[in-house]
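Residue-level listing of the chains:
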Amino acid sequence: MKQNGRDVAKAYQRYLKLERNFTANTVDAYMRDLQKLVDYLRAEGIDPVEVKLEDLQHFAASLHDIGISPRSQCRILSGVRAFYRFLFVDGWVDSDPSELLESPQIGEHLPEVLSTEEVDILEKAIDLSKWEGHRNKAIIEVLFSCGLRVSELVNLKLSNLYLDEEFLRVEGKGRKERLVPISPRAIKELGYWFDDRCRMDIKPGEEDYVFLNRRGAHLTRTMILIMIKRLAEEAGIHKTISPHTLRHSFATALLEGGADLRAIQAMLGHESIGTTEIYTHIDTHTLREEILNHHPRNMR
């Protein structure tokens, strides 16, 4: 961490003690939450006073990815906003990068789900005349027909595609790999994207990533989120959706189609008490059949 990074944290701690008059326990709680951001930024090589909104959005996504509950995410991000308001008011930064940082919604309601018809409407809103059109359509189709996490999608490699066998190799949480069937429709959309991709100038070291931005580097989770929200608005879909909505829609479509719940859990890469051993009793052929027989994209 750079020196001014440590300095601002100490200044913030003094502010909480002396100006906010918080108890020692409250100050410790604020600083523990702030340390999560500090550790994340250190790993990314970013100084706290040079943070952009995109960096904070990536941090927020990382909290979700490691399984921190929405309520705890809200608490941590509230502390992040308080920290940057302090930095702005105290003159450490010229603007508050956390001003537009959103927290996850807390509630008992189920996540939004898109029907197959709504996914089609979403895809029809894509302008295929633009260079990124086929890429975006392939992204939507892979998310919906494979149920990937957005982090799994942005890190998907060409070397992990087995399209002749209609499988992807995915690296999920804890660097655990799993095989996921991919629908013929998603394979077709990938083919259109690959026709455009082969004409790009790709940055060294980025050659193996499936999805690239216009500069030839792999995409970020935030780019995918912004793209999907913009498409939903253009398509007239008024649900609050994100990349995770397509993953949830994948699971819901399979469940409603009659797929075995254990197969769905395995395809999603979920691990929960009592299910890990069950996964070992479902072979790859059975998983493949469950997906091919019950997902709407695979209905012949």
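Now for a look at the structure at hand. Worth saying up front: this structure is predicted, and the values here are computed from it rather than measured.

Overview of the overall build of the chain
Looking only at helices and strands, the chain features 13 helices and 3 strands. Counting every position in the chain, which comprises 300 residues, the buried fraction comes to 47%. In the chain, once contacts between residues fewer than 6 apart in sequence are set aside, the share between residues at least 24 apart is 60%. Summed over all atoms, the accessible surface of the chain reaches about 16200 Å², with 50% contributed by carbon and sulfur.

A look at unusual backbone geometry
Positive phi outside glycine occurs at N21, with the angle close to 60 degrees. Within the secondary structure layout, N21 lies in the loop between α1 (3-19) and α2 (24-44). Given the relative accessible area of 64%, N21 is considered exposed. Unusually for a residue other than glycine, E166 sits at a positive phi of about 60 degrees. Along the chain, E166 turns up in the loop between β1 (161-162) and β2 (167-171).

Some thoughts on the pairing of strand β3 (residues 177-181)
Where β2 and β3 come together, 5 bridges link them in antiparallel fashion. In the sheet register, E171 faces β3, and the bridge partner there is E177. If you look at the hairpin formed by β2 and β3, you'll find 5 residues sitting between the two strands, and G174 has a positive phi there, around 65 degrees.

A short note on the nonpolar core
Core analysis: the biggest nonpolar cluster contains 44 residues, and I140, V142, L148, L168, F211 and I224 have the highest contact counts within it. Among the elements that take part in this core, helix α6 (residues 133-146) stands out by supplying 7 residues, more than any other. When sequence neighbours within four positions are dropped, the list of residues in contact with V142 reads G147, L148, L153, L168, I182, A186, L190 and F211. Ranked by size, the runner-up nonpolar core spans 29 residues in total, among them A9, V27, V38 and I76.

Focus on the sheet that holds β1
Taken in spatial order, the 3 strands make up an open sheet running β1-β2-β3, and their pairing is antiparallel. Only two strands of the sheet have a single neighbouring strand rather than two, namely β1 and β3. The pairing of β1 with β2 spans 2 bridges and is classified as antiparallel. By the bridge assignment for β2, L161 is matched with L168.

Points about helix α4 (residues 70-89)
One full turn of an α-helix is made of 3.6 residues, so residues set three or four places apart face in the same direction. Here α4 contains 20 residues, and its C-alpha end-to-end distance of 28 Å stays within 8% of the 28 Å for a straight helix at 1.5 Å per residue. Inspection of α4 places Q73, C74, I76, L77, G79, V80, R81, A82, F83, Y84, F86 and L87 among the buried residues, and these make up the whole buried set.

Looking at the packing of aromatic side chains
Pairs of aromatic rings are described using the distance from one ring centre to the other and the angle between the two planes. Applying the stated criterion across every chain yields a total of 8 aromatic pairs. With centroids separated by 5.0 Å and ring planes inclined at 70 degrees, the aromatic side chains of F83 and Y84 adopt a geometry described as edge-to-face. Three or more aromatic residues joined by ring pairs form one cluster here, namely Y12, Y15, F83, Y84 and F86. Directly above the ring of Y209 sits K157, whose terminal nitrogen or CZ lies 4.8 Å from the centroid.

A closer look at the packing of α2 against α4
α4 packs onto α2 with a crossing angle of 80 degrees between their chain directions and a minimal axis gap of 8 Å. Taken together, the axes of α2 and α4 are roughly perpendicular relative to one another. Here D33, L34, K36, L37 and L41 of α2 come into contact with α4, specifically with R75, I76, V80, F83 and Y84. Class assignment of the residues belonging to the contact of α2 with α4 gives a composition of 7 nonpolar, no polar and 3 charged.

Quick look at the environment of A253
Structurally, the position occupied by A253 is in helix α10 (residues 243-256). For the pair formed by A253 and V113, sequence separation is 140 residues and the distance between their alpha carbons is 9.3 Å.

Here's the deal with the side chain of R197
For R197, the position within the fold is in helix α8 (residues 184-197). Despite being buried, R197 has no salt bridge partner; D208 is the closest side chain of opposite charge, sitting 6.4 Å away. A polar contact is formed between the side chain of R197 and the backbone oxygen of V210, at a distance of 3.2 Å. In this structure, R197 is in contact with L158, I202, E206, E207, D208, Y209, V210 and L212, ignoring residues within four places of it in sequence.

Here's the deal with helix α5 (residues 116-124)
Those residues of α5 lying buried are T116, E118, V119, L122 and E123. Across the axial projection of α5, the buried residues extend over an arc of 160 degrees, all falling on one side. The exposed set on the far side of α5, more than 90 degrees from its buried face, consists of E117 and K124. Looking at the packing, one finds that the buried side of α5 touches α6, α8, α9 (221-235) and α10.

Rules behind the numbers
Residues numbered from 1 in each chain as written. Predicted model: local features only at pLDDT ≥ 70, side-chain atom pairs only at ≥ 80, totals over all residues. Heavy atoms only, no water. Helix = DSSP H or I, 4+ residues; strand = E, 2+ residues; numbered from the N terminus. Buried < 20%, exposed > 50% of the residue type's maximum accessible area, 1.4 Å probe, protein only. Contact = heavy atoms within 4.5 Å. Areas by Shrake-Rupley, 256 points an atom, 1.4 Å probe, with all protein chains shown as cover. Pairing = 2+ DSSP bridges. Core = buried A, V, L, I, M, F, W, Y, C linked by side-chain atoms within 4.5 Å. Expected span 1.5 Å × (residues − 1). Phe/Tyr/Trp six-rings, centres within 6.5 Å; stacked < 30°, edge-to-face > 60°. Lys NZ or Arg CZ within 6 Å of the ring centre and 35° of its normal. Axes fitted to C-alpha atoms, helices over the stretch in contact; angles between N-to-C directions. Parallel < 35°, antiparallel > 145°, perpendicular 65-115°, else oblique. Nonpolar A, V, L, I, M, F, W, Y, C, P; charged D, E, K, R; others polar. Lys, Arg positive; Asp, Glu negative; His and termini not counted. Salt bridge = Lys/Arg side-chain N within 4 Å of Asp/Glu carboxyl O. Polar contact = N/O pair within 3.5 Å; in protein donor to acceptor, adjacent residues only side chain to side chain. Arc of directions from axis to C-beta.

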